[in-house]
Amino acid sequence: DAALVHPRPIPAPRIDTDLAYTDSQMLIYGLTGSIAMGKSTAARMLRHFGLPVYDSDYVVHEFYKSDAVELLRPYFPDAIISGTVDRVSLSNYVLNSPENLRKLESIVHPYVEKQREDFLAFKKLSGSKIVFVDIPLLFEIGDERMVDRIVVVSASEETQRSRALARANMTIAKFEAIKSKQIPDTDKRRMAHYIISSDHGFDHMRSQIKSLLRSVN
């Protein structure tokens, strides 16, 4: 199996009295990574291995098809298309406007956090010993405080750029704007307890994930 990189010592499970679902009986792993690094692929692999994974992107996607429509309409009217929030149109509002981005986050983040709390509480009651929370902006929004261990999915700058620019509706300017709002990958790697490299294909990623799961204690 591919070797895992451990930039930081693996800590003991934390006890946080402010988070009812966090105790020594359930380890919470934060899964994160910058744009086009392969985080979503890693999350799918974890699910394939039977691990519970909270998917922030999926929660936001579903939110944009339901309650978010009327909550966002007053601020981003042109982003509402055919009764849902169109993510491409919404990105045009927030990409170069810190004010619009703050407004969007003030609406979306509380909803995502509440859904995550419900997920973790349910998994704890269900007796889960390990859960993963897939949070793209884990460090950027300060959510590293609520996980026991951090897994960063990483790739070379060349791989990241190639993947990102292959996406629909992505431009060099948009990619650079998104990247500029994210903590550099080198810093994320330094703050991780585990690093999964996505540079060398699915089999290599799968092997690293197997190693990670064997290391759980």
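Scroll up to find the structure this text is about.
For every chain, the first residue of the written sequence is number 1, and numbering continues from 1 onward in sequence order. Restriction of local features to residues with pLDDT of at least 70 applies here, the model being predicted, together with a cutoff of 80 or more for giving and counting side-chain atom pairs; totals for whole chains, interfaces and linings are based on all residues. Processing note: side-chain calculations cover all non-hydrogen atoms of the structure and skip hydrogens and water entirely.

1. A word on the packing of aromatic side chains
Line of reasoning, step 1. A pair of aromatic rings is counted whenever rings of Phe, Tyr or Trp (Trp by its six-membered ring) have centres within 6.5 Å, and the orientation is called stacked for planes under 30 degrees apart, edge-to-face for over 60 and tilted otherwise. Within this structure, the stated rule accounts for 6 aromatic pairs.
Line of reasoning, step 2. A ring pair is formed by Phe76 and Tyr93, whose centres lie 5.2 Å apart and whose planes are at 65°; its orientation type is edge-to-face. Of this pair, Phe76 sits in the loop between α3 (68-72) and β3 (80-81) while Tyr93 sits in helix α4 (residues 87-94), placing them 17 residues apart in sequence.
Line of reasoning, step 3. Its relative accessible area of 0% is what places Phe76 among the buried residues.
Line of reasoning, step 4. Ring pairing ties together the aromatic residues Tyr29, Phe132 and Tyr194, which thus form one cluster. Only runs of H or I of at least four residues qualify as helices and only runs of E of at least two qualify as strands under DSSP, and these elements are numbered from the N terminus. The buried label goes to any residue with under 20% of its type's maximum accessible area, the exposed label to any with over 50%, and the partly exposed label to all in between, with areas taken from a 1.4 Å probe on protein chains only.

2. Describing the nonpolar core
Line of reasoning, step 1. Residues enter a nonpolar core if they are buried and are Ala, Val, Leu, Ile, Met, Phe, Trp, Tyr or Cys, with the set joined through side-chain atoms within 4.5 Å. In terms of nonpolar packing, the biggest core is built from 33 residues, with Tyr64, Leu72, Val85, Leu104 and Leu120 touching the most fellow members.
Line of reasoning, step 2. Among the elements of the structure, α2 (56-64), α3, α4, α5 (98-125), β5 (130-134) and β6 (149-154) are those that each provide at least two residues to this core.
Line of reasoning, step 3. Among the elements that make up this core, the one with the highest residue count is α5 (6 residues).
Line of reasoning, step 4. Counting residues in hydrophobic clusters, the runner-up holds 18 residues, among them Val53, Val151, Val153 and Ile196.

3. Overview of the pairing of strand β7 (residues 194-197)
Line of reasoning, step 1. Side chains Tyr194 and Ile196 project from β7 onto one buried face, and the interleaved Ile195 and Ser197 project onto a second face that is buried too.
Line of reasoning, step 2. In this analysis, strands are considered paired if DSSP registers two or more bridges between them. By the bridge criterion, 4 bridges tie β6 to β7 in an arrangement that is parallel. Within the sheet, the bridge partner assigned to Val151 lies in β7 and is Tyr194.

4. Some thoughts on the packing of α2 against α5
Line of reasoning, step 1. Structural elements are reduced to axes, namely lines fitted to C-alpha atoms, with helices fitted over the stretch in contact, and the angle between N-to-C directions of any two is expressed from 0 to 180 degrees. Close contact between α2 and α5 brings their axes to 10 Å; oriented N to C, the two are set at 120°. The hand of the α2/α5 crossing is right-handed. For the pair formed by α2 and α5, the contact residues are Ser56, Val59, Val60, Phe63 and Tyr64 on the first element and Leu104, Ile107, Val108, Tyr111, Val112 and Gln115 on the second.
Line of reasoning, step 2. Gly falls in the polar group here, along with every residue not listed as nonpolar (Ala, Val, Leu, Ile, Met, Phe, Trp, Tyr, Cys, Pro) or charged (Asp, Glu, Lys, Arg). For the contact of α2 with α5, a count of residues per class yields 9 nonpolar, 2 polar and no charged. Note on convention: near helix rotated counterclockwise from far helix by under a right angle means a left-handed crossing. Clockwise means right-handed. Residues count as neighbours in contact if any of their non-hydrogen atoms are within 4.5 Å of one another.

5. Overview of the sheet that holds strand β1 (residues 27-32)
Line of reasoning, step 1. Strand order in the open sheet formed by 5 strands is β2-β5-β1-β6-β7, with parallel pairing between adjacent strands. Each edge of the open sheet is held by one strand with a lone partner, namely β2 (53-55) and β7. Averaged over all pairs of adjacent strands, the angle between their axes in this sheet comes to 20°, without regard to strand direction.
Line of reasoning, step 2. By the bridge criterion, 4 bridges tie β1 to β6 in an arrangement that is parallel. Bridging across to β6, Tyr29 finds its partner in Arg149.
Line of reasoning, step 3. Packing of helix α1 (residues 39-48) onto the sheet brings it into contact with β1, β2, β5 and β6, and relative to β1 it is tilted by some 145°.
Line of reasoning, step 4. Running at roughly 160° to β7, helix α9 (residues 202-215) makes contact with β1, β5, β6 and β7 of the sheet.

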